[in-house]
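Structural characterization, general
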Amino acid sequence: MQAVLTVDLDAVAANWRLLRDRAAPGRVAGVVKADAYGLGAAAVGRALVAAGCRDFFVAHLAEGMALRAAIGPGPSIAVLNGFAPGRDEDAGLLPVLNGLGDVAAWAAAAAVAGRQLPVLLHVDTGMARLGLPPAELEALAADPTRLTGLALQAVMTHLACADAPEHPLNAEQSARFAAIRARLPAAPASFANSSGLFLGPGFASDLARPGCALYGINPTPGRPNPMRQAVTLAAPVLQVREVPAGTPVGYGAGWAAPRPSRIATVAAGYADGYLRSLSGRAVGMVRGRPAPLVGRVSMDLITFDVTDLPALQPGEMVQLIGPGNTPDEVAERAGTIGYEILTGLGGRYRRDYRAA
Ligand SMILES: *Cc1c(COP(=O)(O)O)cnc(C)c1O
């Protein structure tokens with residue numbers, strides 16, 4: 001008996017269309033790095049292409065190659081972490097240039113090739129992660145011939161605090177981005193991630209880069225979630241047993257039944273991305289009713305107190321992620337963010353894709 005991860009591609013496509021409508025007249029890409037946040041980049045990529053998406057972002061070169069094989073030659077695929085010239089083996093991937101070293105390498109490759117090479121330029125406006133830092137920007141603005149041979153498909157930057165609308169860094173990054181673009185050759189701008197699309201008109205650009213919201217994570221934390229849920233995870237009950245009051249359950253005997261109890265052991269664990277920090281803090285939904293997780297999360301097993309539920313049989317499915325325990329809610333209980341819950345989803349599930 002196996003756990004089942006159901007991905008609603010129709011919901012992913014509907015989420016993309018909602019964001020597309022918000023961002024118009026700007027275009028909206030699909031960020032499908034990390035295997036589309038754990039949902040499956042090939043299936044998600046094809047569903048987004050069918051919905052009208054023409055621009056994709058991945059993190060790694062290998063992710064870009066796999067996506068190209070899945071979605072065919074038309075759409076653009078940009079590689080956020082960049083890659084060296086000549087490495088994409090004709091997959092037609094776009095490098096994101098994250099520093100002057102990248103700019104020099106690609107300009108040299110363009111000179112050798114004797115033609116313009118399409119690239120994206122990433123500038124840092126307040127994250128100190130990737131992207132040209134201020135000193136490199138000064139050098140580039142002072143000598144724009146460094147960009148000779150490079151066809152800028154976009155100049156992009158990334159928001160550090162888009163999920164906190166009141167944070168002053170948002171407006172600062174917006175102002176810095178505008179100032180930087182004015183000093184560089186004209187090119188389309190790429191700015192907002194999912195949450196950035198909800199920050200207001202100052203964060204609009206030619207190409208938004210949402211990821212998490214496509215997959216149902218709330219881009220407006222603390223406010224109602226405008227996105228549709230795309231992921232359901234259910235795992236089967238392996239055994240149900242009656243235990244007397246005082247019986248310890250699981251590793252470390254960390255929980256003991258306070259009353260005569262019925263315990264259901266379910267086939268999922270931290271090796272499946274069901275985080276150990278959920279021990280004693282999560283709920284499983286059984287026929288729409290919550291059952292508390294008791295004891296520690298083990299590698300392959302978890303235990304639920306189902307004393308107050310109608311009798312369960314082995315083989316019955318317990319919903320671990322879905323309505324009543326969305327990725328955001330599970331994340332809150334685990335002390336993390338929905339992104340980590342989704343990207344951590346393991347490889348031992350059967351995957352069911354609901355067609356878009
Ligand atoms: C991951 C990522 C995104 C997407 O962010 P979400 O918050 O998931 O919408 C956009 N841009 C860059 C540079 C990223 O790394």
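Along each chain, residues carry numbers from 1 onward, in the same order as the chain's sequence is written. pLDDT decides what is reported in this predicted model: residues at 70 or higher carry local features, side-chain atom pairs at 80 or more are listed and counted, and totals for whole chains, interfaces and linings draw on all residues regardless. The basis for every side-chain value is the complete set of non-hydrogen atoms in the structure, without hydrogens or water.

**What about the site of the ligand?**
In plain terms, the rule: Think of it this way: one heavy atom of a residue within 4 Å of a molecule or strand is enough to make that residue near it. For the purposes of these results, a polar contact is taken to be a pair of N or O atoms within 3.5 Å, where, inside protein, one atom must be able to donate a hydrogen and its partner to accept one; residues adjacent in sequence count only when each atom of the pair is a side-chain atom. Calculation of accessible area relied on Shrake-Rupley with a 1.4 Å probe; when residues are assessed, cover is drawn exclusively from the protein chains displayed. All residues other than Ala, Val, Leu, Ile, Met, Phe, Trp, Tyr, Cys, Pro, Asp, Glu, Lys and Arg, Gly among them, are scored as polar; the first ten of these are nonpolar and the last four charged.
The ligand sits among 14 residues. The nearest are Lys33, Tyr37, Ser194, Cys212 and Tyr339. Between His158 and the ligand, the recorded distance is 3.3 Å, taken from a side-chain N or O atom to a nitrogen atom. In isolation the ligand has 390 Å² of accessible area, and contact with the protein removes 92% of it. Tallied by class, the residues present in the shell around the ligand amount to 7 nonpolar, 4 polar and 3 charged.

**Overview of helix H6 (residues 134-142)**
Spelled out, the test is: Burial classification: accessible surface area is computed with a 1.4 Å probe over protein chains only, and a residue below 20% of its type maximum counts as buried, one above 50% as exposed, and the rest as partly exposed. Each helix corresponds to a stretch of at least 4 residues labelled H or I by DSSP, and each strand to a stretch of at least 2 residues labelled E; elements are numbered beginning at the N terminus. Directions drawn from the helix axis to the C-beta atoms are what define this arc. Between two residues, a contact is recorded if the distance between any of their heavy atoms is within 4.5 Å.
Every buried residue of H6 is listed here: Leu137, Leu140 and Ala141. The buried residues of H6 occupy an angular sector of 95° when the element is viewed end-on, so they sit on one face. Every exposed residue of H6 that faces more than 90 degrees away from the buried side is listed here: Ala135 and Ala142. Buried residues along H6 sit against helix H5 (100-113), strand E7 (117-122) and helix H7 (168-183).

**Thoughts on the UniProt feature "binding site: substrate" (unreviewed entry) in the protein**
The cut-off we apply is this: UniProt positions are given in the numbering used here, feature names are shortened, and annotations may be inferred rather than shown by experiment.
According to UniProt, the "binding site: substrate" (unreviewed entry) feature falls on Arg129 and Met299. With a sequence span of 171 residues, these residues are also far apart in the fold, their greatest C-alpha distance being 33.6 Å. Take Arg129: it is sitting in the loop between E7 and H6. Here Arg129 falls in the exposed class, since its relative accessible area comes to 56%.

**What to know about the nonpolar core**
How we decide: Here the nonpolar core consists of buried residues drawn from Ala, Val, Leu, Ile, Met, Phe, Trp, Tyr and Cys, with membership extended through side-chain atoms lying within 4.5 Å. Per the annotation, domain bounds derive from an automatic or database assignment of domains.
With 111 residues, the main nonpolar core has Leu121, Tyr215 and Phe304 as its most contacted residues. At 7 residues, the largest contribution of residues to this core is made by helix H1 (residues 9-23). Residues from two domains meet in this core; each of domain 1 (9-215) and domain 2 (231-354) gives at least three. Those residues in contact with Tyr215, other than ones at most four positions away along the chain, are Val12, Asn15, Val31, Val32, Ala36, Tyr37, Leu39, Val44, Ala230 and Leu342. With 5 residues, the next largest nonpolar core counts Val243, Val249, Ile263 and Val294 among its residues.

**Points about the pairing of strand E16 (residues 289-294)**
We apply this condition: Think of it this way: DSSP has to see at least two bridges between two strands before they count as a pair.
With 4 bridges joining them, strand E15 (residues 283-286) and E16 adopt antiparallel strand pairing. Note that in E16 the partner of Val286 across the bridge is Arg289. From the end of E15 to the start of E16, which pair antiparallel, there are 2 residues, and Arg287 there has a positive phi angle of about 45°. For E16 and strand E17 (residues 302-305), the ladder comprises 2 bridges, and the chain directions are antiparallel. Across the sheet, residue Leu293 finds its bridge partner in E17, namely Phe304.

**Brief notes about the sheet that holds E7**
What the 7 strands build is an open sheet, ordered E3-E4-E5-E6-E7-E8-E9; its pairing is parallel. In this open sheet, the two edge strands, each paired with only one partner strand, are strand E3 (30-31) and strand E9 (189-190). Relative to strand E6 (residues 94-97), strand E5 (residues 76-79) is paired through 2 bridges, and the arrangement is parallel. Within E6, the residue paired with Val79 across the bridge is Pro95.

**What about the UniProt feature "active site" (unreviewed entry) in the protein?**
Within this structure's numbering, the places UniProt gives as "active site" (unreviewed entry) are Lys33 and Tyr251. Look at the named residues: they lie 219 residues apart in sequence, and the longest C-alpha span between them is 35.2 Å, so in the fold they stay spread out. With respect to the helices, strands and loops of the structure, Lys33 is situated in helix H2 (residues 33-37). Each residue touching Lys33, except ones within four places of it in the same chain, is listed here: Phe57, Val58, Ala59, Glu63 and Leu80. The topology assignment puts Tyr251 in the loop between strand E12 (248-249) and strand E13 (255-256).

**Here's the deal with the domain arrangement of the protein**
Short version of the rule: Two parts placed together each lose some accessible area; with a 1.4 Å probe, that loss summed over both constitutes the buried area. A carboxyl oxygen of Asp or Glu within 4 Å of a side-chain nitrogen of Lys or Arg is what we treat as a salt bridge.
Under the domain assignment, the protein is made up of domain 1 (9-215) and domain 2 (231-354). Distance from the C-alpha centre of domain 1 to the C-alpha centre of domain 2: 38 Å. Contact with domain 1, which involves 10 residues of that partner, is made by 8 residues of domain 2. For the pair domain 1 and domain 2, the summed buried area comes to about 820 Å², and 61% of that belongs to carbon and sulfur atoms. Scanning the region where domain 1 abuts domain 2 turns up 0 salt bridges. At the surface where domain 1 touches domain 2, the tally comes to 4 residue pairs in polar contact (both at pLDDT 80 or more). Those elements that place two or more of their residues in the side of domain 1 that touches domain 2 are H1 and H2. Partitioning the side of domain 1 that touches domain 2 into residue classes produces 7 nonpolar, 2 polar and 1 charged.

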